[in-house]
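# Reading the structure
Letter by letter, the chains look like this.
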Amino acid sequence: MPDIEDATNIPPPWWHSAAIYQVYPRSFQDTDGDGIGDLEGIRQRLPYLAGLGIDAVWISPFYPSPMADFGYDVADYCGVDPIFGTLDDFDALVAEAHRLGLRIILDFVPNHTSERHPWFAESRTGRTGSRRDWYIWRDPAPDGGPPNNWLSHFGGSAWEYDAVSGQYYYHAYLREQPDLNWRNPAVRAAMLEALRFWLQRGVDGFRVDVIWHLMKDAEFRDDPPNPAWRPGRPAIERHLPVHSTDQPEVRDVIAEMRATLQAFGDKLLIGEIYLPMERLVAYYGEGLSGVHLPFNFQLIAAPWDARHLAGLIEAYERALPRGAWPNWVLGNHDRSRIASRVGMAQARVAGMLLLTLRGTPTLYYGDELGMADVAIPPAAVQDPWEKNEPGIGVGRDPVRTPMRWTDEPNAGFTTGTPWLPIGGARAMNVAAETADPGSMLSLYRRLLMLRRATPALALGTYEGIRADGDILAFRRRHPDGDVLVVLNLGHHAASLALPAGSCTVLLSTRLDREGEEPGGALHLRPDDGLICRLA
Ligand code: NOJ
Ligand code: MG
């Protein structure tokens, strides 16, 4: 239900009006010539991010890691991998970010560690080993096979046999990523301590990796088959993960994380959650005791159709618990980029949608340039998922290619050999697009600035106006003035009859139209979008 922010005089928390920008550190900026981005590179690029108009930077994992899953296999929760730099580099990054008015959000990966984490080394020494119950060990099934039918996200059984003890350990992702046992209070205490370690260093929040996975069925019942699965789809989709994920006990864990953050003030807790909408919004928790923002990925999977999008926006608005703040995501390091999903012309419209919907937007690095998925030759594949299930389109390397800064060789990303091919058009880079007032980057800057300057866009209520044909139109209401957003999701001209009175165009996706429009109708060119101030 729409939420009137100023019903009370308490100012909304900073993250209601913030725009978040995701950096994949391997691919942002390399400063030591090893072809892999680093923390010093991010620090050097903070002025770019401040100038873009975002408010918070979420940095994917940079902790010590064997990199089996490129940092999502953590070997030490309280350090920096030497590939990315040092703790001093991290402190310098936070200090510089704060000086520029930017917040820093870390990626917390609590579901699993690396198999090379010292905890797992102890755990796997045998059945009576210390820290045995820090991980999930089970006896074989009567036939000697895995304890149940749970599947790994990256292909095959989620159980790995360990000859030392004759038991299996559970890994929802790679076998190099054993799942922690969150039913063990010692695990909880150690992991909350890791949160405190970073909070004490000044971070402003966390994005929690696969938070809906943390608790598993206490009885380890088999997951039922998914009747919709078809060959060619990822193997993980063969089952409905009703027992292996999304258990009610996860609420207590999240409440403990919230309490840990609470002690440090106005910190933000985001949960990565891929679930249907009703299950997703449950993660706001009773009385909003859950995560502040359960990531809303609906725009990533949605067909690019006005009626469909309007339907999902309205269903989401209706499903939100009282007082819950919405959020929207257009892309991330796991999913095909928006420019590849909808094409370059509509990527502009999508950017306008992301930055005008009610709720906190999260941008993925490079989308502001129009970067598209880059085809990776088989010999250059890095992603373990693609290696396990080749050729069916699960690979994530195409969306993780280096940020394009200049038209120099390697796009100014590195002086060495980039860890993934650069790809993309030479003219698509920060320097060239900064100089071009009609570029995608100029559009993103204008959108972010307008959002900051316009309370209706940052905090106003949402009201659907029209969704048919290719037109998606909605109004954001705020006591300081209402704004109308009209998007043409198609490649043909279209128009919208205007409510009585004239309106003033504040911004068009093509960046070439501003000023007062006569009443009657608003005419949109193909692939156009307009933000208007209503009289
Ligand atoms: C979700 C992350 O976004 C993804 O990149 C990673 O592979 C899995 N979690 C496992 O940590
Ligand atoms: Mg480097």
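Shown above is the structure to which this text applies.
Everything numeric in this text was worked out from a predicted model, so none of it was measured. (Residues numbered from 1 in each chain as written. Chains lettered and ligands numbered in written order. Predicted model: local features only at pLDDT ≥ 70, side-chain atom pairs only at ≥ 80, totals over all residues. Heavy atoms only, no water.)

With antiparallel pairing, the three strands of this open sheet are ordered in space as E4-E6-E5. Pairing within the sheet leaves two strands with one partner each, and these edge strands are strand E4 (137-138) and strand E5 (159-162). Looking at chain direction, E5 and strand E6 (residues 167-170) are connected through four bridges and run antiparallel. When the bridges of E6 are listed, Asp162 appears paired with Gln167. (Pairing = 2+ DSSP bridges. Helix = DSSP H or I, 4+ residues; strand = E, 2+ residues; numbered from the N terminus.)

Okay, helix H14 (residues 440-453) next. Taking 1.5 Å per residue, 14 residues should reach 20 Å; H14 reaches 20 Å between its end C-alpha atoms and fits that length. Here H14 lies mainly inside the structure; ten of its 14 residues are buried. Of the residues making up H14, those classed as buried are Met440, Leu441, Ser442, Leu443, Tyr444, Arg445, Leu447, Leu448, Leu450 and Arg451. (Expected span 1.5 Å × (residues − 1). Buried < 20%, exposed > 50% of the residue type's maximum accessible area, 1.4 Å probe, protein only.)

What follows deals with the coordination of the magnesium ion (ligand 2). Those protein atoms acting as donors to the magnesium ion (ligand 2) are Asp30 (OD), Asp32 (OD), Asp34 (OD), Ile36 (O) and Asp38 (OD), and they sit at 2.1 to 2.3 Å. Summarised as a motif, the one-chain spacing of the donors to the magnesium ion (ligand 2) is D-x1-D-x1-D-x1-I-x1-D. In this structure Asp34 comes out as partly exposed when scored by relative accessible area, which is 35%. In this structure Ile36 comes out as buried when scored by relative accessible area, which is 11%. (Donors = N, O, S within 2.8 Å, 3.2 Å for Na, K, Ca; no water.)

This next bit is on the pattern of salt bridges. Counted according to the given criterion, the structure contains 33 salt bridges. Here Asp528 and Arg525 are joined by a salt bridge, their closest N and O atoms 3.3 Å apart. On the basis of relative accessible area, Asp528 is assigned to the buried category, the value being 0%. Given the relative accessible area of 26%, Arg525 is considered partly exposed. (Salt bridge = Lys/Arg side-chain N within 4 Å of Asp/Glu carboxyl O.)

Right, let's get into the site of ligand 1. If you check the shell around ligand 1, you find 13 residues, and the closest are Asp69, His112, Asp209, His333 and Asp334. A distance of 2.6 Å is found between an oxygen atom of ligand 1 and a side-chain nitrogen or oxygen belonging to Asp69. Side-chain polar atom of His333 to an oxygen atom of ligand 1: 2.8 Å apart, as the coordinates give it. Burial of ligand 1 by the surrounding chains reaches 98%, relative to a free accessible area of 290 Å². Considered class by class, the residues forming the shell around ligand 1 number four nonpolar, two polar and seven charged. (Near = heavy atom within 4 Å. Polar contact = N/O pair within 3.5 Å; in protein donor to acceptor, adjacent residues only side chain to side chain. Areas by Shrake-Rupley, 256 points an atom, 1.4 Å probe, with all protein chains shown as cover. Nonpolar A, V, L, I, M, F, W, Y, C, P; charged D, E, K, R; others polar.)

The topology assignment puts Asp204 in the loop between helix H5 (185-200) and strand E7 (205-208). The side chain of Asp204 is buried and forms no salt bridge, while Lys267, the nearest opposite charge, is found at 4.0 Å. Here the side chain of Asp204 touches His98 through a polar contact of 2.8 Å, side chain to side chain. Polar side-chain contacts of Asp204 include one of 2.8 Å to the backbone nitrogen of Ile104. Apart from the residues lying within four places of it in its own chain, the contact partners of Asp204 are Trp14, His98, Arg103, Ile104, Asp266, Lys267 and Leu268. (Lys, Arg positive; Asp, Glu negative; His and termini not counted. Contact = heavy atoms within 4.5 Å.)

With that settled, consider the pairing of E7. Of the two faces of E7, the one carrying Gly205 and Arg207 and the one carrying Phe206 and Val208 are both buried. Examined bridge by bridge, strand E3 (residues 103-108) and E7 share four bridges and lie parallel to one another. Within E7, the position partnered with Leu106 by the bridge is Phe206. Pairing analysis gives four bridges linking E7 to strand E8 (residues 268-271), with the strands arranged parallel. Within E8, the residue paired with Val208 across the bridge is Gly271.

Residues Ala494 and Leu496 of strand E15 (residues 494-497) are buried on one face, while the alternating residues Ser495 and Ala497, pointing to the opposite face, are not. Taken together, the four bridges between E15 and strand E18 (residues 521-524) define a ladder with antiparallel strand orientation. Within the sheet, the bridge partner assigned to Ala497 lies in E18 and is Ala521.

Our next topic: unusual backbone geometry. In the Ramachandran plot, Leu288 falls in the positive-phi region, its phi being about 55° despite a non-glycine side chain. Located in the positive-phi region is Leu511, a residue other than glycine, with phi close to 60°. Inspection of the secondary structure puts Leu511 in the loop between strand E16 (503-508) and strand E17 (515-517). With a relative accessible area of 17%, Leu511 lands in the buried category.

What tends to happen in soluble globular proteins is that the nonpolar side chains get buried as a cluster. Among the nonpolar cores identified, the biggest contains 158 residues, and Tyr21, Phe206 and Met257 are the most heavily contacted of them. When residues in this core are grouped by element, the largest group, eight residues, is from H5. When near neighbours in sequence (up to four residues on either side) are disregarded, Phe206 contacts Ile105, Leu106, Phe108, Leu195, Trp198, Leu199, Leu261, Leu268, Leu269 and Ile270. (Core = buried A, V, L, I, M, F, W, Y, C linked by side-chain atoms within 4.5 Å.)

In this structure the tally under the stated criterion is zero disulfides. Free of any disulfide, Cys503 has its nearest neighbouring cysteine sulfur in Cys532, separated by 3.9 Å. (Disulfide = S-S within 2.5 Å.)

If you walk through the whole model with that rule in mind, you get 35 aromatic pairs. Judged by centre distance (5.4 Å) and plane angle (35°), the rings of Phe62 and Phe90 are tilted. Of this pair, Phe62 sits in the loop between strand E2 (56-59) and helix H3 (87-99) while Phe90 sits in helix H3, placing them 28 residues apart in sequence. Looking at Phe62, the relative accessible area reads 0%, which means it is buried. What makes Phe90 buried here is its relative accessible area of 0%. Put simply, the rings of Tyr21, Phe28, Tyr48, Tyr364, Tyr365 and Trp405 pair up and form one aromatic cluster. Residue placement shows Arg26 over the ring face of Trp419; its charged tip is 4.3 Å from the ring centre. Positioned over the ring face of Tyr283 is Arg251, at 4.5 Å from the centre of the ring. (Phe/Tyr/Trp six-rings, centres within 6.5 Å; stacked < 30°, edge-to-face > 60°. Lys NZ or Arg CZ within 6 Å of the ring centre and 35° of its normal.)

To continue, consider the side chain of Arg337. For Arg337, the position within the fold is in the loop between strand E10 (327-329) and helix H10 (338-342). Residue classification places Arg337 among the buried positions, given a relative accessible area of 1%. Within polar-contact distance, the side chain of Arg337 engages the backbone oxygen of Val399 at 3.3 Å. Ignoring sequence-local partners within four residues, the contact set of Arg337 consists of Tyr364, Tyr365, Gly366, Asp367, Met371, Ala372, Asp373, Val399 and Thr401.

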